[in-house]
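Structural overview
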Amino acid sequence: LVENHEKAARKKIRSLGMAGELARILRSFDEAGLTAIAFKGPTLAYLAYGDVAVRDSTDLDIYVPRQQLPAALNLLAADGYDKKSPGFKASLAGACEVALRRQDPECEVDVHWLFSPPYFLQFDGERAIERSIVVQLSGLVARTLRPEDLLIYLCIHAARECWALRSI
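These numbers come from a predicted model, not from an experiment.

1. What to know about the overall build of the protein
Secondary structure summary: the protein contains five helices and seven strands in total. Over its C-alpha trace the protein gives a radius of gyration of 16 Å, about what one expects of a compact globule, namely 15 Å for 168 residues. The dimensions of the protein, computed from C-alpha atoms along their principal axes, are 50 × 35 × 35 Å. The buried share among the 168 residues of the protein stands at 42%. If you sum the accessible surface of the protein, you get close to 9800 Å²; carbon and sulfur atoms cover 54% of it. Here the protein contributes 21 positive and 22 negative side-chain charges, whose respective centroids are spaced 2 Å apart.

2. What to know about the side chain of His157
Residue placement: His157 occurs in helix α5 (residues 147-161). Residues contacting His157, with those up to four places away along its chain left out, are Lys40 and Trp163.

3. Section: the confidence of the model for the protein
Looking at the protein as a whole, its pLDDT mean stands at 88, while 90% of the residues score no less than 70. Across residues 90-94, where pLDDT falls below 50, the model places eight contacts with residues more than four positions away in sequence or in other chains.

4. Section: the nonpolar core
Within the largest apolar cluster, 30 residues are counted, with the highest numbers of intra-cluster contacts made by Phe29, Ile62, Val109, Val111 and Leu140. Of all the secondary-structure elements, those providing two or more residues to this core are α1 (2-31), β2 (60-63), α3 (69-78), β4 (97-103), β5 (106-112), β6 (133-137) and β7 (140-144). In terms of residue count, α1 provides more of this core than any other element does, seven residues in total. Counting 12 residues, the second-largest nonpolar core is a separate cluster that includes Ile37, Leu150, Tyr153 and Ile156.

Rules used throughout
Residues numbered from 1 in each chain as written. Predicted model: local features only at pLDDT ≥ 70, side-chain atom pairs only at ≥ 80, totals over all residues. Heavy atoms only, no water. Helix = DSSP H or I, 4+ residues; strand = E, 2+ residues; numbered from the N terminus. Rg over C-alpha atoms; globule rule 2.2 N^0.38 Å. Buried < 20%, exposed > 50% of the residue type's maximum accessible area, 1.4 Å probe, protein only. Areas by Shrake-Rupley, 256 points an atom, 1.4 Å probe, with all protein chains shown as cover. Lys, Arg positive; Asp, Glu negative; His and termini not counted. Charge placed at Lys NZ, Arg CZ, Asp CG, Glu CD. Contact = heavy atoms within 4.5 Å. pLDDT = per-residue confidence, 0-100. Core = buried A, V, L, I, M, F, W, Y, C linked by side-chain atoms within 4.5 Å.

Here it is as structure tokens:
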């Protein structure tokens, strides 16, 4: 029982740390005039549960319009984020994101210029920006998908990733 509480506490601390890192990144994007939508991760936890600490996040997902991608990648590179795989190029056909990782503190950020690869069901990024909402909580101010758009995106994402139903 004590081990489960310790594990839950570690997850909660990590989730809060991820929310803090997301807040910091989004502030730097905003200061640079970039339009960013945070989705999944801490914003999903907040919208679904009202608490960023109850959902574990392994990375941060941020959408930026394609024309803003170079500036977003430069900002993250200046902050110590490196491309996760050395041979990956943002211009690869079929790609929709660049995965970046920083070692200290450890964090992974996926910067998307499309919500899904071009060969899959599309989710309109421009319309998502127009319809997006801003959530504010304990230092995190994040533009995110409105709940009904998030539900549609999550269905597309689940189909693409072949999410399996888990037995209860």
